[in-house]
Amino acid sequence: MSWALPLPVVVPLIAAAVLVATGAILPRRVQDAIGIAAAATATGFALLILAASERHDVLHWFGGWHPHAGLALGISFTADPLGAGMAALACGLDLLVLVYSWTYMRRQSQTFDVLILALGGAMAGFALTGDIFNMFVWFELMGVSAYALAGFMVEELGPLQGAINFAVTNTVGAYMVLMGIALLYARTDALNLAQIGRVLGHRPADRLVIVAFALIVTGLMVRAAIVPFHFWLADAHAASPAPVCALLSGAMVELGIFFIARVYWTAFAAPLHAHASGVRDVLVGLGVATALIGALMCLLQRQLKRLLAYSTISQAGTMLAGIALLDPRSLAGVANLVLAHGLLKGGLFLLCGVILVELRHIDELRVYGAGRRLPWAGVLWLLGTLGLVGLPPLGVFLAQQLLYEGGREHGFGWLAVVGAVASGVCAGAMLRAGARIFLGWGAREDELLSPEPDEHAPERDVSGRPLGIVAGIAIVLGLAASVVPGIEARTELAAERFADTSAYRAAVLHGAAHGDAAAHVSFSLLGVDTASALYGLGALAIAAATAAFGLWHRRLPPRILSAGARTLGPPVTVIRLAHSGIVGDYLLWLSGGALAVAAIWALTL
Amino acid sequence: MSSRQRLRAWIAAPVLALFAAILGWGFARAPAFGDFHGAYGDLLNRIAVPQRHTSNVVTAIVFDYRGFDTMGEEFILFASVVGVVLLLRAVREPATGQDDPVASDAIRLFGIIMVAVILVFGLWLAAFGLVTPGGGFQGGVAIAGGIVLVFLASGYRAWRTFGRERLLDPFEGLGAASYAAVGLAALIAGAPFLHNLLGLGVAGTLRSGGSMTLLNWAVAVEVAAANLVLYTEFLESYLVPHLPRR
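Residues numbered from 1 in each chain as written. Chains lettered and ligands numbered in written order. Predicted model: local features only at pLDDT ≥ 70, side-chain atom pairs only at ≥ 80, totals over all residues.

This part is about the overall build of chain B. Assigned secondary structure in chain B consists of nine helices and zero strands. Seen through its principal axes, chain B has C-alpha atoms that stretch 65 × 55 × 40 Å. Counting only residues that meet the buried cut, chain B has 41% of its 246 residues in that class. Of all intrachain contacts in chain B linking residues separated by at least 6 positions in sequence, the fraction that spans at least 24 positions is 73%. (Helix = DSSP H or I, 4+ residues; strand = E, 2+ residues; numbered from the N terminus. Buried ≥ 20, exposed ≤ 12 C-beta atoms within 10 Å, placed from the backbone. Contact = placed C-beta atoms within 7 Å.)

Our focus in this paragraph is the overall build of chain A. For chain A, the count of helices and strands is 22 helices and two strands. For a compact globule of 605 residues, the expected C-alpha radius of gyration is about 25 Å, and chain A comes in at 23 Å, within 12% of that figure. Residues counted as buried form 64% of the 605 residues belonging to chain A. Expressed as a percentage of contacts within chain A between residues at least 6 apart in sequence, the contacts between residues at least 24 apart total 84%. (Rg over C-alpha atoms; globule rule 2.2 N^0.38 Å.)

With that settled, the discussion passes to the packing of helix α13 (residues 328-359) of chain A against helix α14 (residues 375-389) of chain A. The geometry of a pair of packed helices is captured by two quantities: the angle between their axes and the separation between those axes. All names here are of chain A. The N-to-C vectors of α13 and α14 enclose an angle of 155 degrees; their axes lie 10 Å apart at closest approach. Our classification of the angle between α13 and α14 gives roughly antiparallel. Our pair here, α13 against α14, has a crossing hand that is left-handed. Across from A340, H341, L344, G347, L348, L351, V354 and I355 in α13, the residues of α14 making contact are A377, L380, W381, G384, G387 and L388. The class makeup of the residues in the contact of α13 with α14 is 10 nonpolar, four polar and no charged. (Axes fitted to C-alpha atoms, helices over the stretch in contact; angles between N-to-C directions. Parallel < 35°, antiparallel > 145°, perpendicular 65-115°, else oblique. Left-handed = near helix turned anticlockwise from the far one by under 90°. Nonpolar A, V, L, I, M, F, W, Y, C, P; charged D, E, K, R; others polar.)

Another aspect to go through is unusual backbone geometry. P228 of chain A follows V227 of chain A through a cis peptide bond whose omega is 0 degrees. P393 of chain A follows P392 of chain A through a cis peptide bond whose omega is -5 degrees. Inspection of the secondary structure puts P393 of chain A in the loop between α14 and α15 (397-409). Unusually for a residue other than glycine, R360 of chain A sits at a positive phi of about 70 degrees. Mapped onto the elements of the fold, R360 of chain A is located in the loop between α13 and α14. Even without being a glycine, H53 of chain B presents a positive backbone phi close to 60 degrees. Relative to the helices and strands, H53 of chain B resides in the loop between α2 (39-52) and α3 (57-65). H53 of chain B sits in the buried class, given 22 other C-beta atoms within 10 Å.

Our focus in this paragraph is the interface of chain A and chain B. Each partner contributes residues to the interface: chain A has 59 residues there, and chain B has 57 residues. Going through the elements one at a time, α1 (7-21), β1 (58-61), α4 (111-128), α5 (132-150), α6 (157-188), α8 (207-223) and α22 (583-604) of chain A are the ones with two or more residues in the side of chain A that touches chain B. Of the residues belonging to the side of chain A that touches chain B, the class tally is 39 nonpolar, 14 polar and six charged.

Attention shifts here to the nonpolar core. Counting residues in each nonpolar core, the largest one holds 305 residues, and the members touching the most others are A118, M123, L320 and L350 of chain A. Per element, the largest residue contribution to this core is 20 residues, and it comes from helix α10 (residues 242-268) of chain A. Apart from residues no more than four positions distant in its own chain, A118 of chain A is found in contact with L13, A16, L141 and S145 of chain A together with F75 and A79 of chain B. (Core = buried A, V, L, I, M, F, W, Y, C linked by C-beta atoms within 7 Å.)

It is worth spelling out the packing of α1 of chain A against helix α8 (residues 165-188) of chain B at this point. Where α1 of chain A contacts α8 of chain B, the two axes come as close as 7 Å, and the packing angle between them is 155 degrees. In terms of axis orientation, α1 of chain A runs roughly antiparallel to α8 of chain B. You can see that α1 of chain A and α8 of chain B cross each other, and the crossing is left-handed. Packed against α1 of chain A, whose contacting residues are V10, L13, I14, A17, V18, V20 and A21 of chain A, the element α8 of chain B presents D169, P170, E172, G173, L174, A176, A177, A180, A181, G183 and L184 of chain B at the interface. For the contact of α1 of chain A with α8 of chain B, the residue count by class is 14 nonpolar, two polar and two charged.

A word on the environment of L73 of chain A. Locating L73 of chain A in the fold gives a position in the loop between β1 and β2 (76-79). Owing to 21 C-beta atoms within 10 Å, L73 of chain A belongs among the buried residues under this scheme. Placed 480 residues apart in sequence, L73 of chain A and H553 of chain A show a C-alpha to C-alpha distance of 64 Å. With near-sequence residues (within four places) excluded, L73 of chain A lies in contact with W65, P67 and H68 of chain A together with Y65 of chain B.

This next bit is on helix α16 (residues 414-439) of chain A. Residues three or four positions apart in an α-helix share a direction because the helix packs 3.6 residues into each turn. Compared with an ideal rise of 1.5 Å per residue, which puts 26 residues at 38 Å, α16 of chain A spans 36 Å between its outermost C-alpha atoms and is within 8% of the ideal. Backbone geometry just after α16 of chain A places G440 of chain A at a positive phi near 70 degrees. (Expected span 1.5 Å × (residues − 1).)

Residue and element names in this part refer to chain A. Assignment of secondary structure puts N165 in helix α6. N165 sits 18 residues away from Y147 along the chain, and the two C-alpha atoms are 9.3 Å apart. In this view, N165 contacts W232, D235, A236, V583 and Y586; residues no more than four positions away in its chain are not counted.

Any region with low pLDDT has predicted coordinates that should not be read closely. Predicted confidence across chain B gives a mean pLDDT of 88, with 92% of residues reaching 70 or more. This prediction of the complex comes with two scores: 0.95 for pTM and 0.95 for ipTM. (pLDDT = per-residue confidence, 0-100.)

So, on to the environment of A177 of chain B. Note that A177 of chain B resides in helix α8. Taking the C-alpha atoms as reference points, A177 of chain B and E74 of chain B, 103 residues apart in sequence, are found 9.9 Å from one another. Apart from the residues lying within four places of it in its own chain, the contact partners of A177 of chain B are I14, A17, V18 and A21 of chain A.

Next up, the structure:
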């Protein structure tokens, strides 16, 4: 299967270039079809690579430059199941988005398809690469296509501001990654991750390695929307058309998290081995802060895309905390979370587009009760929400179970409670919005929610129903992600391989087979243990309570309300004001966060 | 400067100073300036000419050993230009159609001569990229720079002969696509992606480098077209609406 590795990247990129070359010749529909065919081909190959990587890592040395005596001359793609799965998720979402845009973006320029294909190819390359500079190339291509896509509705001033905030903060993050790569090259004389890891592994980390690690991880955390680097994400999502949000939230943010794990286990695990707890504490702390602040901000939104965007931030925090445990079991949990969350959140964003098309607004108070005539969309909204809260045994349930078990092994059992609260509050906000829109429940006005500019709806001749089918496919796949037979055993096995630094190195640099070809992976169904089921139901209870509070908080006794406003009001106002939408503020937060991370590691590692 | 900006600057100064201090603390362990002894660079210097028959080792790295990075970088340029065009076109006032031709015959004559000189220079840079310093990226920028002189020396109307999207878009797309297509051809032939399929030729001559020659020209076309698209967009969105009405 080695030959197939470049295809998920190259096929969409060639298609993008062909679309530009033939822009004046081919009719729009033919161009759209070329784009969809390319994305489908890429998805098919990514799935094939995923299947082939189950047994052992699949490598492709570009130009045929195999390493000599452990020295990598060229660039490699290294597909293991987690990387290939990430690529397949990105390609699959790219395909769904292009199909969705067949009608949704019909009136817009064909540039949309070009940029979506470039973004898809870049994401696949990012997931598959085994070379740190090649990673940076895809990181940048992902960035430039996504910045332009975020500004796609540029006629309105809001999108431009959201896209600018996105581009400026992420460019600073990319620069940090590049500085970290330069430091690593200065020390190791290598760009291949396995080779960097081998050289760094000779001795414990000194300050150069620590600063390089801090720079690379911080830069990736900007892309992954981790507090306090997360501010751009909500602005970018509010600005982007719904299908673009689905890609940003469903795959791009997660890729930032993915590469933190990749670079840690391939390059830094050995030199930082003695300091694993210092790395763990900082990243778990940031992850928890992100999960909780994201959930709080999610609760305060009434514009649906902003609401979902903050829920993505919250989930990204859970993912980072799961990776930070530096334990294969939690890593398997994160992998399942990325898969289920990517599909569900992608589907929910696509559903936002349906709501915009059918009801002309995506502000939950402005479309109050108007969704009664779209019961099917309401059902999909509910299903997506239940999947994100992890109703046993669906959606993110398996992920939460694995994360919980991994956390308990390292004395971080309380992380499960944080995760339940965060995902419960986010799901509560989504239930509240759904109940207002599709059932007309609760108060028509809500002074707790932030008013935001509304979005300009697409032309009226777009029908919501076919769009709803595409959204429904994503949501149903996301719900089913937990219950695919054998997925638990497979992701755990894959995560153990992902975290096996020396076997990865031997496979890349010396061509050893990495992975146990004889390993018997059963197709057993997911076992639901009582603790995890209670945990999932607890999160659901939190969600229900949150939603009820959101809908009917005016009916609470005034004494309780005023006491709550006195104690919770000031901190909530401070957090809300910090999300100012001003890019200078965001850069200040970014600098402060980078300083804090680097300083803590410089002092403790 | 508003009070908010002033406050931000006061907070930013110590934060950035401390961050710079930490960076300096880490960078101090990097090899001293001019004192880097990397085996990778030495090795490539030794093997590039015998293995690739290209006397410009940088080109061998850019188009062969690390040719896949270059493909990604080419697409970064491609996507950036597509994005810039998208953003500029949407907010642009319609062109007035006014021209502001250059009046001085001396400037026109000298400018047109320079167009030819710079075009030849750009083509030479690109063509000899595998032999002497230069290559498709540099040559493409020079070619685009030569063509933009048409505007400076003659005026907007003459420039419009070249600066049209219908003319440039195919070149931009084909430049990017053909780089990837050369890589794909190797894959279809059963070799790894971007493997050098064509004969390597004689080192130090124009007939050296094999597939690298094709990649080099693909990049030259892509870079020249992408730069011209950018110039066109900037001229259209900035210069044209501001031309004096007569």
